[in-house]
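Given next are the chains, with one letter for each unit.
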Amino acid sequence: MPKLGSDIAIMGRLDLYVLRAPRPGAVWVPSPRAGLGIIAQALAAGFTVDDVLRQPNTFVNAGRNLIRDFLNNDASLAGIQRYAVGTSATAAARTDTQLGAEVFRAAPTNTIKDAQKLTVQLFLSTGQGNGNTLAEGGPFANGATDTADSGTLVARATHTGVVKDNTKALTYSHDLLLG
């Protein structure tokens, strides 16, 4: 049982949905305003779910410090602005400040607020990130741009490598939990 004044648990999970296109190079772009979730939209567009990978996530020290500074009213902070993926399978550590080998980043496709949880999603179409064996992902905040390694890494998760080509679309769904 937690003691009064004990540390807040900051953790999460990464769900990676590997979607198979109905034909090589088929293009579909999810609409965050549509009533359906990204996976439901993909199925409606003719994609099939090849695999679902679930991995624990590491809320890194820089992300923890970002929350600390926000709670201290640091007005210069910016929330999550980009989600990046990479090819490194090196286990995530709390001391990570960037992905091991970043190869692609973009603004999140969707963010979902729930009780004590923020879900950050990035959809990679059949034309994005190809030619790589993707094995890691994480959200970036506080000055993150399209430039690799910019901003503050909030959390990082590694997963079984997925060879990304024009027959696959991927949805990274990263849960950040405060409990």
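Residues numbered from 1 in each chain as written. Predicted model: local features only at pLDDT ≥ 70, side-chain atom pairs only at ≥ 80, totals over all residues. Heavy atoms only, no water.

Colleague: So what about the overall build of the protein? Which residues, and what values?
Modeller: If you tally the helices and strands in the protein, you get two helices and eleven strands. Seen in sequence order, the protein has helices and strands lined up from the N terminus as β-α-β-β-α-β-β-β-β-β-β-β-β. Burial status across the protein gives 43% buried among its 179 residues. If you take every contact in the protein between residues at least 6 apart in sequence, the share linking residues at least 24 apart comes to 76%. Total accessible area on the protein is roughly 9100 Å²; 53% of this is exposed by carbon and sulfur atoms. (Helix = DSSP H or I, 4+ residues; strand = E, 2+ residues; numbered from the N terminus. Buried < 20%, exposed > 50% of the residue type's maximum accessible area, 1.4 Å probe, protein only. Contact = heavy atoms within 4.5 Å. Areas by Shrake-Rupley, 256 points an atom, 1.4 Å probe, with all protein chains shown as cover.)

Colleague: Lay out the pairing of strand β10 (residues 155-164) in plain terms, naming residues and giving numbers.
Modeller: Counting buried positions along β10 gives seven out of ten residues, so the element sits mostly inside the fold. As judged from the two bridges shared by strand β3 (residues 58-59) and β10, these two strands associate in the antiparallel manner. Among the inter-strand pairings, Thr 58 is bridged to a residue of β10, identified as Arg 156. Relative to β10, strand β8 (residues 132-141) is paired through five bridges, and the arrangement is antiparallel. Paired with Asn 132 across the two strands is Lys 164, which belongs to β10. (Pairing = 2+ DSSP bridges.)

Colleague: Lay out the nonpolar core with the relevant residues and their values.
Modeller: Counting residues in hydrophobic clusters, the biggest one holds 22 residues, and the most contacted among them are Leu 16, Tyr 83, Val 85, Leu 122, Leu 124, Leu 170 and Tyr 172. With near-sequence residues (within four places) excluded, Val 85 lies in contact with Leu 99, Glu 102, Val 103, Phe 104, Leu 122, Leu 124, Leu 134, Glu 136, Gly 137 and Tyr 172. Ala 26, Ile 38, Phe 123 and Ala 169 belong to the second largest nonpolar core, which has nine residues in total. (Core = buried A, V, L, I, M, F, W, Y, C linked by side-chain atoms within 4.5 Å.)

Colleague: Can you lay out helix α2 (residues 61-71) for me, pointing to particular residues and giving the numbers?
Modeller: Within the span of α2, buried status applies to Gly 63, Arg 64 and Leu 66. Summarising the axial view, the buried residues of α2 lie within an arc of 155°, below the 170-degree limit, and thus occupy one face. Where α2 ends, the next residue or the one after it, Asn 73, has phi of about 65°, a positive value. (Arc of directions from axis to C-beta.)

Colleague: Would you mind going over the environment of Asp 146 in detail, with residue names and values included?
Modeller: Relative to the helices and strands, Asp 146 is located in the loop between β8 and β9 (152-153). With a relative accessible area of 56%, Asp 146 lands in the exposed category. Excluding residues within four positions of it along the chain, Asp 146 makes contact with Arg 82, Arg 105 and Ala 106. In terms of polar contacts, Asp 146 uses its side chain to reach the side chain of Arg 82, at 2.7 Å. (Polar contact = N/O pair within 3.5 Å; in protein donor to acceptor, adjacent residues only side chain to side chain.)

Colleague: Go over the layout of surface pockets, please, and point to the residues and values.
Modeller: Each pocket or cavity is described by its volume, and for the largest pocket that value is around 490 Å³. Around the largest pocket, the lining comprises 19 residues; the ones closest to its centre are Ile 67, Phe 70, Ile 80, Leu 118 and Leu 178. Of all the elements in the fold, those that place two or more residues in the lining of the largest pocket are α2, β6 (110-114), β7 (117-124) and β11 (168-178). In terms of residue class, the lining of the largest pocket is built from 13 nonpolar, three polar and three charged. (1 Å grid on protein atoms, 1.4 Å probe; cavity = no way out; pocket = protein on both sides within 12 Å on 5 of 7 lines; lining within 4 Å. Points joined across faces, edges and corners; volume = space filled by probe spheres on them. Nonpolar A, V, L, I, M, F, W, Y, C, P; charged D, E, K, R; others polar.)

Colleague: Account for a nonpolar patch on the surface, with residues named and values stated.
Modeller: A surface patch of nonpolar side chains, amounting to about 210 Å² of accessible area, comprises Leu 43, Val 49 and Val 52. Note on placement: Leu 43 falls in helix α1 (residues 38-44). A relative accessible area of 46% places Leu 43 in the partly exposed class. (Patch = residues over 30% accessible without salt bridge, like charges linked within 9 Å, V, L, I, M, F, W, Y side chains within 5 Å. Salt bridge = Lys/Arg side-chain N within 4 Å of Asp/Glu carboxyl O.)

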